[in-house]
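Descriptive structure summary
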Amino acid sequence: MNDYRMDASDLLCDFLSYHETVRGHSAKTVDEYYLDLRTLFRYLKQRRGLVKDDVPFDEIPIRDVDLKFVESITLNEIYDFLSYLSRERHLNSASRARKVSTIRSFFKFLTNKTHQLQFNPVEDLDPPKILKSLPRYLSFEESVKLLNSVQGRNQVRDYCILMLFLNFGLRISELVNLNIGDVHSDHIRVLGKGNKERILFLNDGCKEAISNYLVEREAQHPLDPKALFLSSHRTRISKSAVHLLVKKHLGEAGLDPDQYSAHKLRHTAATLMLQNGVDVRTLQEVLGHDHLNTTQIYTHVDNAELRLASRANPLSDMKQFSSQDESKKKE
């Protein structure tokens, strides 16, 4: 994480501190806000000729960015910045949309919260259009194949990890941050984005997988007594290690590890739950989504109503006859 207080002006520090202390956003989220705004301010200082030409972009200081500087920012400059991100930095629409969200939040803070600005220049700022593709996921049969293929020295641990991914759609950060104290007889406590807690109730398969792993974990004599999932060094398992083990078992199951990942197992869990009668609002709670429309993308993956609509069309049973078949009928 960056220590933004070393480089940011008081104005920017106040904004970041507000999100960290008042809004309760995670250090990672606050760090992303800082990086987004630092890039914007560096771009504007360079564009306005406020730094020497020989100063590398990544070394442009922003500590002098004050209210007068921010007050002078125009909507056209923001659109130029977004074009720069697309052309020069090759950021996709989703990454640029996140920066738009940060910029809008910053100016909203200065106008609506602290009233340091009377006019919000980005109030009408349009975010880039994000082309959403349907999530890739494993079928039920492929999921069973994946679980049944788990072997090797860490078989019990890896099977448990895959079960939690496939049953609850955990984010990889949520899984690696699970502590032994988060596991209870019938549920686990998950700390999600923005430090939001949620309770996930365990089914019999997950209970058995966790129970078997806890026995093995105890025999390892953990160096990190809090961590639920341990590495071969008996410390908390890392995100990269989980990525690798998922790819490894996908390959061993005959599934393409280039097409699937730990995050695709989250998509799989969501799709399987919807296919088996879980309503979208309950799924939102299970996945830890802030907004329902984030969850609703899964309703387009295998929508039973759309299948029924297709079959209900009176032309659904129409058969294509060859010209030879037609001539035989006429005879």
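Below: a short report on this structure. Note that the structure is predicted; figures quoted are calculated from it, not measured.

Examining the overall build of the protein chain
When helices and strands are counted, the protein chain shows 15 helices and 2 strands. Here the protein chain, with 331 residues, has 41% of them falling under the buried criterion. For the protein chain, restricting intrachain contacts to residue pairs at least 6 apart in sequence, the fraction spanning at least 24 positions comes to 59%. As displayed, the protein chain offers around 19,400 Å² of accessible surface, 49% of which is attributable to carbon and sulfur atoms.

Comments concerning the pairing of strand β2 (residues 197-201)
Burial along β2 is one-sided: the face carrying R198 and L200 is buried and the face carrying E197, I199 and F201 is not. Note: strand β1 (residues 187-191) against β2, 5 bridges, orientation antiparallel. Within β2, the position partnered with I188 by the bridge is L200. In sequence, β1 turns back onto β2 through a hairpin of 5 residues, with G194 there showing a positive phi of about 65°.

Quick notes on unusual backbone geometry
Even without being a glycine, H90 presents a positive backbone phi close to 55°. Note on placement: H90 falls in the loop between α4 (75-87) and α5 (93-113). Phi is positive for R234, which is not a glycine, with a value near 70°. By the element assignment, R234 lies in the loop between α9 (204-219) and α10 (239-252).

Quick notes on the environment of N195
Structurally, the position occupied by N195 is in the loop between β1 and β2. When its relative accessible area of 45% is taken as the criterion, N195 is described as partly exposed. As a C-alpha pair, N195 and S26 span 169 residues in sequence and 6.3 Å in three-dimensional space. Among all residues touching N195, those that are not within four sequence positions of it are G24 and S26.

A look at the packing of helix α2 (residues 27-47) against α5
Interaxial distance between α2 and α5 falls to 9 Å at its minimum, and their mutual angle equals 90°. Classified by the angle their axes make, α2 and α5 are roughly perpendicular. Between α2 and α5, the contacting residues are E32, Y33, D36, L37, L40 and F41 on the first element and R98, K99, T102, I103 and F106 on the second. When grouped by side-chain class, the residues that make up the contact of α2 with α5 number 6 nonpolar, 1 polar and 4 charged.

Concerning a positive patch on the surface
On the surface, a cluster of positive charge is contributed by R23, R104, K108 and K113. For R104, the location among the structural elements is in helix α5. In this structure R104 comes out as partly exposed when scored by relative accessible area, which is 36%.

Describing the packing of helix α1 (residues 10-22) against α2
Where α1 meets α2, the axes come as close as 10 Å, and the angle between the chain directions of the two elements is 155°. It follows that α1 is roughly antiparallel to α2 by the angle criterion. α1 and α2 meet at a crossing whose hand is right-handed. Across the interface between the two elements, L12, F15, L16, H19 and E20 of α1 pack against V30, Y33, Y34, L37 and F41 of α2. Here the residues of the contact of α1 with α2 are counted per class, giving 8 nonpolar, 1 polar and 1 charged.

Notes on the nonpolar core
Formed by 46 residues in total, the largest nonpolar core has its most connected members in L164, F165 and F229. Looking at this core, the elements with two or more residues in it are α6 (140-148), α7 (155-168), α8 (172-176), β1, α9, α10, α11 (262-275) and α12 (280-287). The element that contributes the greatest number of residues to this core is α7, accounting for 8 residues. When near neighbours in sequence (up to four residues on either side) are disregarded, F229 contacts R157, C160, I161, L164, L175, L178, Y213, T235, R236 and I237. By size, the runner-up hydrophobic cluster in this structure holds 37 residues, among which are L12, Y33, F69 and L85.

Scoring rules and cut-offs
Residues numbered from 1 in each chain as written. Predicted model: local features only at pLDDT ≥ 70, side-chain atom pairs only at ≥ 80, totals over all residues. Heavy atoms only, no water. Helix = DSSP H or I, 4+ residues; strand = E, 2+ residues; numbered from the N terminus. Buried < 20%, exposed > 50% of the residue type's maximum accessible area, 1.4 Å probe, protein only. Contact = heavy atoms within 4.5 Å. Areas by Shrake-Rupley, 256 points an atom, 1.4 Å probe, with all protein chains shown as cover. Pairing = 2+ DSSP bridges. Axes fitted to C-alpha atoms, helices over the stretch in contact; angles between N-to-C directions. Parallel < 35°, antiparallel > 145°, perpendicular 65-115°, else oblique. Nonpolar A, V, L, I, M, F, W, Y, C, P; charged D, E, K, R; others polar. Patch = residues over 30% accessible without salt bridge, like charges linked within 9 Å, V, L, I, M, F, W, Y side chains within 5 Å. Salt bridge = Lys/Arg side-chain N within 4 Å of Asp/Glu carboxyl O. Lys, Arg positive; Asp, Glu negative; His and termini not counted. Charge placed at Lys NZ, Arg CZ, Asp CG, Glu CD. Left-handed = near helix turned anticlockwise from the far one by under 90°. Core = buried A, V, L, I, M, F, W, Y, C linked by side-chain atoms within 4.5 Å.

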